[in-house]
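Each chain, written out:
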Amino acid sequence: MTDTIHPMGDTRTHLWLTTGMARAVGVDMPAAMREGLLSQSDYADMVTSCRKCGFAAGCKAWLDRQWGDPVAAPEQCQNRNMWSWLARSGVQG
């Protein structure tokens, strides 16, 4: 499988997708930042990774279906490992 480079998406759209993913996976981003688990730079990097991801349209549809208990981020998510790590860190929202 080869990597595909995608044009970067709109910053605001991907900021909202990142925020939505935090909710879906059960991560409290402000708490993660307060506790020093996530810096502003880390957060900006996550939004940038999201902007480069080719799954944005699918992500929005996936997020629209996530309204129960926290779930793992989809495999296509560029930030999946970070979400998993943050969820395990105990900063649940």
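Located above this text is the structure these notes cover.
In this report, we go over the structure that sits alongside the text. (Residues numbered from 1 in each chain as written. Predicted model: local features only at pLDDT ≥ 70, side-chain atom pairs only at ≥ 80, totals over all residues. Heavy atoms only, no water.)

### Notes on the pattern of salt bridges
Two side chains of opposite charge can pair, provided their charged atoms sit close to one another. Inspection of every chain in the model, using the stated rule, returns one salt bridge. For the salt bridge of Lys 60 with Asp 64, the shortest nitrogen-to-oxygen distance reads 3.3 Å. Residue Lys 60 and its partner Asp 64 are both found in helix H4 (residues 56-64); the two are separated by four residues, about one turn of the helix. Residue Asp 64 is classed as partly exposed on the basis of its relative accessible area, which comes to 45%. (Salt bridge = Lys/Arg side-chain N within 4 Å of Asp/Glu carboxyl O. Helix = DSSP H or I, 4+ residues; strand = E, 2+ residues; numbered from the N terminus. Buried < 20%, exposed > 50% of the residue type's maximum accessible area, 1.4 Å probe, protein only.)

### Side note on helix H1 (residues 11-25)
With 15 residues, H1 ought to run about 21 Å at 1.5 Å a step, and its terminal C-alpha atoms sit 21 Å apart, in line with that. Buried residues of H1: His 14, Leu 17, Thr 18, Gly 20, Met 21, Ala 22, Ala 24 and Val 25, and no others. Against the buried residues of H1 lie helix H2 (29-34), helix H3 (40-52), H4 and helix H5 (80-89). One or two steps after H1, the chain reaches Gly 26, where phi turns positive at roughly 80°. (Expected span 1.5 Å × (residues − 1). Contact = heavy atoms within 4.5 Å.)

### Some points on the environment of Arg 12
Within the element layout of this structure, Arg 12 appears in helix H1. Accessibility expressed as a relative area gives 62% for Arg 12, which makes it exposed. C-alpha of Arg 12 to C-alpha of Ala 61: the two residues are 49 residues apart in sequence and 17 Å apart in space.

### Focus on the side chain of Asn 79
Here Asn 79 shows up in the loop between H4 and H5. The buried category is assigned to Asn 79, whose relative accessible area is 8%. Separated by 2.9 Å, the side chain of Asn 79 and the backbone oxygen of Met 46 make a polar contact. Each residue touching Asn 79, except ones within four places of it in the same chain, is listed here: Met 46, Ser 49 and Cys 50. (Polar contact = N/O pair within 3.5 Å; in protein donor to acceptor, adjacent residues only side chain to side chain.)

### Regarding empty space enclosed by the protein
Over the atoms rolls a probe the size of a water molecule, and its path tells where empty space is left. Using the criterion set out here, one finds one cavity of 30 Å³ or more in the structure. Here the largest cavity is characterised by a volume of approximately 100 Å³. Around the largest cavity sit Leu 17, Thr 18, Met 21, Cys 50, Cys 53, Phe 55, Ala 56, Cys 59, Cys 77, Gln 78, Asn 79 and Trp 83, which together line it. Of all the secondary structure elements, the ones that give two or more residues to the lining of the largest cavity are H1 and H4. Among the elements that make up the lining of the largest cavity, the one with the highest residue count is H1 (three residues). Among the residues forming the lining of the largest cavity, the class breakdown is nine nonpolar, three polar and no charged. (1 Å grid on protein atoms, 1.4 Å probe; cavity = no way out; pocket = protein on both sides within 12 Å on 5 of 7 lines; lining within 4 Å. Points joined across faces, edges and corners; volume = space filled by probe spheres on them. Nonpolar A, V, L, I, M, F, W, Y, C, P; charged D, E, K, R; others polar.)

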